[in-house]
Amino acid sequence: MLSNYLNFQFDVQGKPVTGFCMRIQDDFHETYAVIMDGYHSFCVWLDKPSSTWRSSKYVNVEPGILEKIINHLNVHQLA
């Protein structure tokens, strides 16, 4: 299991992206709020039956950012 907060900082297409993920209590999924500088916050969650990461319907980030965040969560997951 990931701790309650996970900071991240990376570049996507030459643009620095900083923020953090915060674990949300959810009985059905492993869910995180994503808060980034300069963007609206959104949620991502791991759909356990399909082992697929999902995101809020209206995520508005540049291509590649969502993938980087999910990869960062996968790397730092302990459970």
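Please refer to the structure higher up on the page.
Here the structure is a predicted model, which means the values were calculated and not measured.

Trainee: Quick one: what's the story with the nonpolar core, residue by residue and with numbers?
Mentor: M36 and I69 are the most contacted members of the largest nonpolar core, which has 20 residues in total. Every residue in contact with M36, bar those within four places of it in the chain, is listed here: F8, V17, T18, G19, F42, V61, I65 and I69.

Trainee: Hey, could you go over the sheet that holds strand 1 (residues 5-12) for me, with residue numbers and the actual values?
Mentor: Taking strand neighbours across the sheet as the criterion, the 5 strands line up as 1-2-3-4-5 in an open arrangement whose pairing is antiparallel. Across the chains shown, the open sheet's two edge strands, defined by having one partner strand only, are strand 1 and strand 5 (52-55). The mean inter-strand angle of the sheet, taken between neighbouring strand axes irrespective of direction, is 25 degrees. Where strand 1 lies against strand 2 (residues 15-24), 8 bridges are found, and the strand directions are antiparallel.

Trainee: For unusual backbone geometry, give the residues involved together with the corresponding values.
Mentor: A positive phi angle is found at Q13, which is not glycine, with a value near 55 degrees. When you line up the elements, Q13 lands in the loop between strand 1 and strand 2. Exposure remark for Q13: the relative accessible area of 67% places this residue in the exposed category.

Reading the values: the criteria
Residues numbered from 1 in each chain as written. Predicted model: local features only at pLDDT ≥ 70, side-chain atom pairs only at ≥ 80, totals over all residues. Heavy atoms only, no water. Core = buried A, V, L, I, M, F, W, Y, C linked by side-chain atoms within 4.5 Å. Buried < 20%, exposed > 50% of the residue type's maximum accessible area, 1.4 Å probe, protein only. Contact = heavy atoms within 4.5 Å. Pairing = 2+ DSSP bridges. Helix = DSSP H or I, 4+ residues; strand = E, 2+ residues; numbered from the N terminus. Axes fitted to C-alpha atoms, helices over the stretch in contact; angles between N-to-C directions.

On their own, these measurements won't tell you what the molecule is for.
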